[in-house]
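These are the residues of each chain, in order.
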Amino acid sequence: MKYQLRKFIMSAAATLSALSLSAADGIEINHLGVNNTLLRITGEGRYLMLPVQESNDDARINVLVDGKIAETIYVRLAHTRTDFMVPFDLEQYKGKNVTFDIVQPHSRSSVREAKGEACWKNISLTDSVTWTDREPDYRPVFHHAPLYGWMNDPNGMFYKDGVWHLYYQWNPYGSKWQNMTWGHATSTDLINWKHEPVALRPDGLGSIFSGSSVIDHNNTAGFGEDAVVALYTSAGTSQMQSLAYSNDNGMSFTKLASNPILTLESEARDPNFFWNEQTGEWNLTLAHALEHEMLFFTSPDLKHWTLRSSFGKGEGAQDGVWECPDLFPLHVDGTDKVKWMLVCNINPGGPFGGSAVQYFIGDWDGKTFTADTDADGNIPTKWLDYGKDNYALVTWSDAPDNRRTAIGWMSNWEYAAEVPTSQFRSANTLPRDLSLFTAPDGLIYASSAPSPELLALRDRAVKTVKKAAVSPKGVTYSLPAENGGICEISGNFDAAGVDSLMITIFNKVGNRVVLTYDPAKRTFSFDRNRSGKECFSDSFATTTVSPTFETDGKISLRIFVDRSSIELFGNDGRFVMTNLVFPIEPYTNIEIKSFGGNASLSDFAIYSIKTN
Ligand code: FRU
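Residues numbered from 1 in each chain as written. Predicted model: local features only at pLDDT ≥ 70, side-chain atom pairs only at ≥ 80, totals over all residues. Heavy atoms only, no water.

(A) Up close: the packing of aromatic side chains. In the structure shown here, the tally under the stated rule is 39 aromatic pairs. Taking 5.7 Å as the distance between ring centres and 35° as the angle between the ring planes, the aromatic pair formed by Trp150 and Trp413 counts as tilted. Remark: Trp413 occurs in the loop between strand E28 (405-409) and strand E29 (424-425) and Trp150 occurs in strand E10 (residues 149-160); sequence separation between them is 263 residues. On the basis of relative accessibility, which here comes to 1%, the residue Trp150 falls in the buried class. Residue class for Trp413 comes out partly exposed when judged on its relative accessible area of 29%. Considering the side-chain rings of Phe296 and Trp364, the 4.9 Å spacing of their centres and the 50° angle between planes classify their relative orientation as tilted. On the criterion of sequence distance, the pair formed by Phe296 in strand E20 (residues 293-299) and Trp364 in strand E24 (residues 356-364) is long-range, its members being 68 residues apart. (Phe/Tyr/Trp six-rings, centres within 6.5 Å; stacked < 30°, edge-to-face > 60°. Helix = DSSP H or I, 4+ residues; strand = E, 2+ residues; numbered from the N terminus. Buried < 20%, exposed > 50% of the residue type's maximum accessible area, 1.4 Å probe, protein only.)

(B) Quick peek at the site of the ligand. The full set close to the ligand counts 13 residues, and Asp153, Gln169, Arg269, Asp270 and Glu323 are the nearest of them. In the environment of the ligand, an oxygen atom lies 3.1 Å from a nitrogen or oxygen atom belonging to the backbone of Ser210. About the coverage of the ligand: the protein hides 95% of its 320 Å² of free accessible area. For the shell around the ligand, the elements supplying multiple residues, two or more each, are E10, strand E14 (207-215), strand E18 (269-276) and strand E22 (321-331). Class assignment of the residues belonging to the shell around the ligand gives a composition of six nonpolar, three polar and four charged. (Near = heavy atom within 4 Å. Polar contact = N/O pair within 3.5 Å; in protein donor to acceptor, adjacent residues only side chain to side chain. Areas by Shrake-Rupley, 256 points an atom, 1.4 Å probe, with all protein chains shown as cover. Nonpolar A, V, L, I, M, F, W, Y, C, P; charged D, E, K, R; others polar.)

(C) How the structure looks around unusual backbone geometry. Put simply, Asn259 and Pro260 share a cis peptide bond, and its omega is 5°. Among the structural elements, Pro260 can be located in the loop between strand E17 (254-255) and E18. Geometrically, the link from Asn347 to Pro348 is a cis peptide bond, its omega value of -10° lying close to zero. Turning to its location among the elements, Pro348 is positioned in the loop between strand E23 (338-347) and E24. The phi dihedral of Leu302 is positive, around 75°, even though this residue is not glycine. Summarising the element assignment, Leu302 is placed in the loop between E20 and strand E21 (306-311). Residue Asp572 is not a glycine yet carries a positive backbone phi of 55°. Residue placement: Asp572 occurs in the loop between strand E40 (565-570) and strand E41 (575-580). Given a relative accessible area of 61%, Asp572 falls into the exposed group.

(D) Molecular detail of the environment of Asp372. Looking at the secondary structure, you find Asp372 in the loop between strand E25 (369-371) and strand E26 (382-383). Assessed through its relative accessible area of 19%, Asp372 is described here as buried. Taking C-alpha positions, Asp372 is 4.8 Å from Gly362, a pair spaced ten residues apart along the chain. A polar side-chain atom of Asp372 sits 3.0 Å from a polar atom in the side chain of Lys339.

(E) Fine view of the pairing of strand E34 (residues 487-494). Counting buried positions along E34 yields six of eight residues, so the element is predominantly enclosed. Across eight bridges, E34 lies against strand E39 (residues 554-562) in antiparallel orientation. Following the sheet pairing, Cys487 is matched in E39 by Val561. As judged from the seven bridges shared by E34 and strand E43 (residues 599-609), these two strands associate in the antiparallel manner. Counterpart to Ser490 in the pairing with E43 is Ala605. (Pairing = 2+ DSSP bridges.)

(F) Region of the structure containing the confidence of the model for the chain. Taken as a whole, the chain shows an average pLDDT of 95; of its residues, 96% reach a score of 70 or greater. Here residues 1-21 is modelled with pLDDT under 50, and outside its nearest four sequence neighbours on either side it reaches ten contacts, counting other chains as well. (pLDDT = per-residue confidence, 0-100. Contact = heavy atoms within 4.5 Å.)

(G) Spotlight on the sheet that holds strand E13 (residues 194-200). With respect to topology, five strands assemble into an open sheet ordered E13-E12-E11-E10-E29, the strand pairing being mixed. Of all the strands in the sheet, the pair left with one neighbour each is E13 and E29. Pairing geometry for E10 and E29, over two bridges, is parallel. Looking across to E29, one finds that Trp150 is bridged to Arg425.

(H) Quick look at the state of the cysteines. In total, this model carries zero disulfides according to the counting rule given. Cys324 forms no disulfide, and the closest cysteine sulfur to it belongs to Cys344, at a distance of 11 Å. (Disulfide = S-S within 2.5 Å.)

(I) Representation of the pattern of salt bridges in the model. Evaluated as defined, the whole model comprises 28 salt bridges. In this structure, Lys339 engages Asp372 in a salt bridge whose closest nitrogen and oxygen atoms are separated by 3.0 Å. Taken together, the residues span a long stretch of sequence, with Lys339 in strand E23 and Asp372 in the loop between E25 and E26 at a distance of 33 residues. With a relative accessible area of 11%, Lys339 lands in the buried category. A salt bridge links Arg432 to Glu567, with the shortest nitrogen-to-oxygen separation between them at 2.8 Å. Of this pair, Arg432 sits in strand E30 (residues 432-438) while Glu567 sits in strand E40; the two residues are 135 residues apart in sequence, bridging distant segments of the chain. Here the two residues Arg432 and Glu567 agree in accessibility, since each one is buried. (Salt bridge = Lys/Arg side-chain N within 4 Å of Asp/Glu carboxyl O.)

(J) Seen up close, the nonpolar core. Of all hydrophobic cores here, the largest spans 54 residues; its most connected members are Phe369, Ile489, Ile505 and Ile592. In this view, Ile489 contacts Leu479, Ile505, Leu557, Arg558, Ile559, Val561, Ile590, Phe604, Ala605 and Ile606; residues no more than four positions away in its chain are not counted. Counting 30 residues, the second largest nonpolar core, distinct from the first, contains Val75, Val86, Phe100 and Ile102. (Core = buried A, V, L, I, M, F, W, Y, C linked by side-chain atoms within 4.5 Å.)

(K) View of the side chain of Asp153. By the secondary structure assignment, Asp153 is in strand E10. Although Asp153 is buried, it forms no salt bridge, and the closest oppositely charged side chain is Arg269 at an N-O distance of 7.1 Å. Separated by 3.0 Å, the side chains of Asp153 and Asn152 make a polar contact. Excluding residues within four positions of it along the chain, Asp153 makes contact with Tyr167, Tyr168, Gln169, Ser210, Cys324, Ala392 and Trp409. (Lys, Arg positive; Asp, Glu negative; His and termini not counted.)

(L) Structural detail: the sheet that holds strand E19 (residues 281-288). Taken in spatial order, the four strands of this open sheet run E18-E19-E20-E21, and their pairing is antiparallel. Because the sheet does not close on itself, it has two edges, and the strands there are E18 and E21. Ignoring which end each strand starts from, the neighbouring axes of this sheet average 25° apart. In terms of strand pairing, E18 meets E19 through six bridges, oriented antiparallel. Each residue of the ladder has a partner; that of Phe273, found in E19, is Leu284. (Axes fitted to C-alpha atoms, helices over the stretch in contact; angles between N-to-C directions.)

(M) Spatial organisation of the side chain of Gln423. Along the polypeptide, Gln423 turns up in the loop between E28 and E29. What makes Gln423 buried here is its relative accessible area of 9%. Excluding anything up to four places from it in sequence, Gln423 contacts Phe84, Met85, Trp131, Arg134, Glu135, Tyr148, Gly149 and Ser175.

Have a look at this one:
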């Protein structure tokens, strides 16, 4: 009897282990229960390919290296189908025992059910991953976008020795927000971007939220000559500010062992800092997100910070959290007069819903920001972009020739995770150079003109018109046939005296973007209600409207059409509209017509885009 019972227990155990153990090539999979699986790497291969199903919740994966938790990542592992695969790079743990301890967010009814999931069928080891042309319809041709995975804010940008460094909020393990890591890209021309190795990974203090970097020219922090110093938010249970430095021009960073360097009793993030020549110390702006204000600190050495003042409570748009600040001086109207621009990105609460770039113009004395007021003594609310898809815009530090070159995340928190791409989500805007101008209302505004480097994008002019009348009958031109119609359209328009000027960019399946200039109201609108795919979010189909800041019925336009975006720069960036579009087929034509009389156009051209 005793023997028989033992035999029964042994055979039950054998059944159980047969149930729980399965293997892909070089991967041993042990199901430990209804929601826990242990996965051991036994074979060769640089990447563990993890199957993702976007609609699932995240599984928590502790990566154990020689028995210790080296990192924790969150991945929407596939249950019923695999939408796409994401690579986990095993190179860094080469020669060590690597085990993935996976906890699924939901329980299955049995281990058998757990075992049957798509994840375990498709998981694999491989030596190389090819990303090219996975999503040709909507992957931008001349914008920076991550190779794969989710991207939000641009971070930590600095320029050094001819190279523009761009870091960004990146999820390497899926196309929705998670696992915030600083991805890295470099460019020598602000057009072509090289994907570089990851710069900063999550650690025990949390994931790596937004921040900025500078070159410490005077070695105030003692990290060495021309060290690049980055400040970022460590986002764990709470948010705190941390420091990392690089002695190899931003290719790799060392985190300060004594991080965090700055803590507060409430949520604050996205440190942005610069060396103030006048005061001889570092100035830091920090978004006091939920308080809808910015906090200002100073420091002699980047490690010790003193709170000096705050700005923003009750001012400007207050509907959303204040995030991603930037603060810098600019000349007004090209004169010697200098004003300071304080960028306060907010989400939600933008003029067309969701996220947007708000800014204030004023004075900065090294400790306090004083905003300019209008004739009634109020601080006006100003927006840098009158489209829906420019957020978290910040500028490069140390840009050449005293330039203030900026870039934003070309999406909106309202629908960024739903846009119809999957291998990657989101690109950055084209780079823009900022300056200040006095508008007809007497106030100072910021313009953001396409960075001069973008002229190099122009290839063949497929159409040029020196001067022509624009009538209510309208004229239609073809967009370049190559590369799905991507192009730059530029021209001057005189609409003085007409009711409106309408420019329609369209294709033969009825997708269209309608741009309307109303010279009497001095507004320009961008209607993407029927631009292509819109149904993925209720907030996408929309018309955005901008003031044109002119008084003579004349505008100049530069319009950049990439595969899933249109950026419109009016009057050298005095009004700007950045909007995503997802045409079902590429746009093929542009029609220009007027209402209520004849308008005219001059120096009009449609350029195809140089692709390397
Ligand atoms: C802005 C933001 C930042 C934060 C980051 C996290 O889009 O919310 O405030 O640092 O995204 O990814």
